[in-house]
Every structure is written in structure tokens, then in C-alpha cells.
Amino acid sequence: MTQVDTAETGQGSPADARAPGDGAGAPAAGPGGTWRAGARRAARNGFRPGPWKRGPVIAALALLLGLFMLLHPKIPNGTGGLGSLAETFLPWFGVFVPVLLAGALWRRSASAVVALLLPVTVWLNLYGGLLGDKSHPGGDLTVVSHNVGADNPDPAGTARDLAAADADVLALEEITPQARGTYERELAKAYPYHAVRGTVGLWSRLPLSGTRPVDIEQDVGPLGDAKPVEARMADYRALRTTVATDQGPLAVYVAHLGSVRVNPRTGFWTDSRDRNARALGTALAAERNERVVLLGDLNGTMDDRALDGITSQLHSVQDVSGDGFGFTWPAKFPVVRIDHVLVRGVEPESSWLLPATGSDHRPVAAGISW
């Protein structure tokens, strides 16, 4: 009876009391607690940046990348050759676009995604035309150019591989005195006509005439002037000859411009290459034959401003009728195209790479017509 009377008067036992913080206490603080929680959420959302304010660093990097590619001709060359170095590897700056895009998506940054439109547009404007296959079947003449490499361990095998390419005209650069006889012997059957001047040579199925070395100022200054004629002849790196075709004479130049070096003290050293390029450009400007083909290792890409004196007069067959970038060096994993076929007065039909040989360069081939 006592327990019943206690329950009826509302005086429950201690066991009926709720522990602080359990569910039974929530309704008492319900209206105020809900208001405060909502206020905290609103404050947090107010201070959290929206999609247009997120990723400012990624957006800035995207704009800088686009401006860098757009304004690359304005990069000073000067000491260190920074401009030429940037232009040598300019196509590869496009790989930063997917990296930045991944960062923009991870940050959910609308501003960064929009900023990426600039580098994408610039890159496509520069190199979009190289992504498709622009080659055409056929051609009146097939030409091949290959820097065979002074350290080539198998010149005989390289010569046989090149002969198997079935080109009408074959240009070789970096021929050493020790390997010259091997190339002449191995290529004699396929090519009845050939001419070698210094370290460059041309083999042809068609008659050659008027072969002469081209002075690309390989040796300058007192030391160069002091060299005997025989020594200078052995070091010639360019020649010009006339190939007799059914459509008329074709002026063919073979050239190997000076090497470039990258080192901490001098940066991108291109002095001899740049001097050679200017001299070769002068020789091409004086060429009277309207049909001209230049084959060789120019130690520079078509974007490199140092070759402007050449590229302003001749067109790259790879750019006009190739498939892709056609990188040629280094042979094991090519990242730049420094071996070229350039033409004037003839029609580029196709351009392609040949399989690697014992050289550190890939051979390049092209079809041309009249």
C-alpha cells in the first residue's frame, strides 16, 4: 500500500530518476539546443569557401601554365638559352593539364577548372594539328635521314636496316672515318651513287652532280683559321648536291648542326648550333633551285627560335603530312624531334619513323611529290 500511495502522489523512487545527459533530458532543452546547433552549422557554412573560391593556387598555376605556353617567344634567351630550352620541350608542358585538372576536381574548384581552359586552348592551338594522321599514300620520291651515331656498335647492321627501307635518297650524319668504308660497302648495291663530305653523306638511286660542302661556320676564330684544309674537310658537317629526277633537278642539303649541352654553369649551351643554323639559313636563301630538300640532324625542334632562319624558308614534312609528334631522340625513349626532313617547292605526302638501329637517334623517312 505504501508503494501505491507514493506512486499516486508523484513521489517516485530514486530508481526512477534519469541520469544526466540521457535521452529523457533532451526534450527539455529541445528548442534552444536545436537553434544553437543550427546557428553553428550556418556559421561553419558561411566561412567555408564556395566552388568559385576554392583552389586559388591551382587556378593560378593553370593561368601561369597557359601564359607560359602562349608567350614562350617572349622568354629571353640570353645567357643560358632559357627560351630555346623551353621551346625544345614545349609540347611536354601539356602533361601538367591533367595533373592540375585532377587537383581541381579533388578540391571541387570551379574557378580552377575554368582557368584550365587557357592552357588547353593554347596547347591545342600549338599542337592539335599534330594529333591526327595527315599522310597521303604514294609519292614520287622517298627520302630517309639518319644520324647513325659516332658510337654506333654495329654500322654494318645499321646500313642493312636502312637499305631495307627502300628509300630513293638516303642521308647519313655523324659518319666517322672508321665507319665510312662500312657504310659505303654495305650500301653500294642498293645505291649506285653516293657522296660524302666530312661527317655527312648522301646515297642515291638517281645520279648526283655538283656536290660540294656547305660552310656552316663549324670552325671560326683564330683556332679555326689555323686548321689545315685537310682537317677542316674531315670535319665538314653539311653538303649540297643535285639529284637528277624525272621531274627535273632537286637540290638536296644534308646537315648536322652543332650539339647542344645542358649544364649548371652555362645553362642550355647552343652557341655552335645557333651559329651553324644562321649559316645554313644564309646558304638556303642563296639557293636558286626552286625545289629543295633539307635532310639532317638540326639539334633543335621546329619550335626553337634558333632555327627561324631555316624554318622561315622550308616546311617540315612531319608537321604537314605526318602522324603525331615523331620524336626521334633518344632512340630508347624519344622525347624530342631533332631529326628533320624540310622541303620547299615540292609537295609533302607522308612522314614516318623507321625502327631503331644501333644509333641513339631514330631514322626519319618522308614521301614527297611534284
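Heads up: these notes are all about the structure in this document. These numbers come from a predicted model, not from an experiment. (Residues numbered from 1 in each chain as written. Predicted model: local features only at pLDDT ≥ 70, side-chain atom pairs only at ≥ 80, totals over all residues. Heavy atoms only, no water.)

## Concerning the packing of helix α3 (residues 56-70) against helix α5 (residues 96-107)
Threshold: Lines are fitted to the C-alpha atoms to define the axes, a helix being fitted only along its stretch in contact, and any angle between axes, read from their N-to-C directions, falls within 0 to 180 degrees. Secondary structure elements are taken from DSSP: a helix is a run of H or I of four residues or more, a strand is a run of E of two residues or more, and numbering for both begins at the N terminus. An angle below 35 degrees is read as roughly parallel, one above 145 as roughly antiparallel, one from 65 to 115 as roughly perpendicular, and any other as oblique. Crossings are classed by handedness, with left-handed meaning an anticlockwise turn of the near helix from the far one by less than a right angle and right-handed meaning a clockwise turn. Whether two residues touch is decided by their heavy atoms; if any such pair falls within 4.5 Å, the residues are in contact. Under this grouping Gly is polar, as are all residues other than the nonpolar Ala, Val, Leu, Ile, Met, Phe, Trp, Tyr, Cys and Pro and the charged Asp, Glu, Lys and Arg.
Interaxial distance between α3 and α5 falls to 10 Å at its minimum, and their mutual angle equals 160 degrees. The angle between α3 and α5 falls in the class roughly antiparallel. The two elements α3 and α5 cross, and the hand of that crossing is left-handed. Along the contact surface, α3 presents Ile 58, Leu 61, Ala 62 and Leu 65, while α5 presents Phe 96, Val 97, Leu 100, Gly 103, Ala 104 and Arg 107. Partitioned by chemical class, the residues of the contact of α3 with α5 number eight nonpolar, one polar and one charged.

## Remarks on the pattern of salt bridges
Heads up, the rule is: The term salt bridge refers to a side-chain nitrogen of Lys or Arg lying within 4 Å of a carboxyl oxygen of Asp or Glu. Three exposure classes are used, based on accessible area relative to the maximum for each residue type with a 1.4 Å probe and protein chains only: buried under 20%, partly exposed in between, and exposed over 50%.
In the structure shown here, the tally under the stated rule is eight salt bridges. Note that Arg 205 and Asp 168 form a salt bridge whose closest N and O atoms lie 4.0 Å from each other. Pair noted here: Arg 205 is in the loop between β4 (200-204) and β5 (208-213) and Asp 168 is in the loop between α8 (155-164) and β2 (169-173), with a separation of 37 residues, a long-range link. Of the residues examined, Arg 205 reaches a relative accessible area of 30% and is grouped as partly exposed. A salt bridge links Arg 273 to Asp 274; its shortest N-O distance comes to 2.7 Å. This pair shows no difference in class: Arg 273 is buried, exactly as Asp 274 is. Here the salt bridges do not stand alone but share partners, grouping Asp 166, Asp 168 and Arg 205 into one network.

## Considerations on the sheet that holds strand β1 (residues 141-147)
What counts, and what does not: A strand pair is defined by DSSP finding two or more bridges across the two strands.
Strand order in this open sheet of six strands is β3-β4-β2-β1-β14-β13, and the pairing throughout is mixed. The sheet is open, and its two edges are formed by β3 (193-197) and β13 (347-353), each paired on a single side. Going across the sheet, the axis of each strand differs from the next one's by a mean of 15 degrees, ignoring polarity. Where β2 lies against β4, five bridges are found, and the strand directions are antiparallel. By the bridge assignment, Glu 173 is partnered in β4 with Val 200.

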